[in-house]
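# A look at the structure
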Amino acid sequence: MDKTIWVAAMAAAFIMPAEVTAQGTIEYGSDARSSLRDEEGNRYGGGTMERVTAKVAIPLGTKTDSLGRVTAWQAALSASYATLSCDGEAAEMNPETIVNAGVNIMHRRPIGRRWSLMVAAGCGVYAPKNEIRTRSILANGGAMFIYRINRGMSIGVGGGLTNAYGVPMVMPMMYFSWMSRGRFELKVDLSSGMEVAVATKIGRRMRVELVAVEMDGMMAVTEIDGKPQIYSSARIGSRLRPSVRIDRKTALFASFGATWLRSADITDRSLRGLAESFREDRDKRYFNPALSFTAGVSYGL
């Protein structure tokens, strides 16, 4: 669970649009206090994390052909602000705040009966709040070839371009999405991060979702002892998420669960740092499992 995963996930996140509809979401999340440890069990203080996230997806143009295949342009804006309240040595290893904000333009089109192409380009700011500089701006781009196996399942492969390590480089990406609909909806999504979930409706307005596995994360370009570094934090958790639809466009939701693992990793922002991140014997530190809570609102624009 190092930053390499999150550079790839960051590139994949904007290449995999969901439904081409105008929608926005605002969410607050909190992880309770837990201890920071290494793989040998040594402890380095602990801390909590609170995060506010806003996302907006805006269709720029959509066309469906006679076979039901979609050609679409979409703009996506996202912003997250996290506060990490740490004590002991953990306070020295983690920034107090992290800002992740970006804008991306995405395009997808059919290139065969079952094949489609997704391309994207964008940029964003990834930094502690008090260290936002020109170096904090990361550019992203990518292309993904996706094959539709059946109505609910697709796989794909492609590459993402990022300058997270100082020089532009292409990183491979994989894609898998499966959704089975019925009384119970089963979803397996390995496009941006990871999500395995099952959901069902209760009445006309309420929906309950059990997320068995969810993976996401944040990263920041920072400076330590005069050297550019990359801080990354990956999260894996499970949650129960009920939601209530207020009207045709608005829904309120909350979730209760646990974050099983939250990593804290720092390496040089260089090709050497990238190589170091692949080493199995390097020092890795994680926060212990902690209770988590989120609440928010989604709105169809």
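Attention here is on the structure that accompanies the text. (Residues numbered from 1 in each chain as written. Predicted model: local features only at pLDDT ≥ 70, side-chain atom pairs only at ≥ 80, totals over all residues. Heavy atoms only, no water.)

Scanning the protein from terminus to terminus reveals 3 helices and 15 strands. Its C-alpha radius of gyration of 20 Å places the protein within 12% of the 19 Å reference for a compact globule of 301 residues. In terms of overall dimensions, the protein has C-alpha extents of about 60 × 45 × 30 Å along its principal axes. Burial status across the protein gives 43% buried among its 301 residues. Of the contacts made within the protein by residues no fewer than 6 positions apart, 60% connect residues no fewer than 24 positions apart. Accessible surface, the protein as shown: approximately 15500 Å² in total, 58% of it carbon and sulfur. Both charge centroids of the protein, one from 38 positive and one from 29 negative side chains, sit 13 Å from each other. (Helix = DSSP H or I, 4+ residues; strand = E, 2+ residues; numbered from the N terminus. Rg over C-alpha atoms; globule rule 2.2 N^0.38 Å. Buried < 20%, exposed > 50% of the residue type's maximum accessible area, 1.4 Å probe, protein only. Contact = heavy atoms within 4.5 Å. Areas by Shrake-Rupley, 256 points an atom, 1.4 Å probe, with all protein chains shown as cover. Lys, Arg positive; Asp, Glu negative; His and termini not counted. Charge placed at Lys NZ, Arg CZ, Asp CG, Glu CD.)

Let us look at the packing of aromatic side chains. Scanning the model with the defined rule gives 2 aromatic pairs in all. Ring centres of Trp115 and Tyr147 lie 5.1 Å apart, and the angle between their planes is 55°; this geometry places the pair in the tilted category. Within this pair, whereas Trp115 is found in strand β5 (residues 115-127), its partner Tyr147 is found in strand β6 (residues 137-148), the two being separated by 32 residues in sequence. Assessed through its relative accessible area of 41%, Trp115 is described here as partly exposed. (Phe/Tyr/Trp six-rings, centres within 6.5 Å; stacked < 30°, edge-to-face > 60°.)

Right, let's talk about unusual backbone geometry for a bit. The general pattern is negative phi for most residues beyond glycine and trans for most peptide bonds. The phi angle at Asp225 is positive, at roughly 55°, despite the residue not being glycine. Of note, Asp225 is situated in the loop between β11 (206-224) and β12 (227-245). On the basis of relative accessible area, Asp225 is assigned to the exposed category, the value being 77%.

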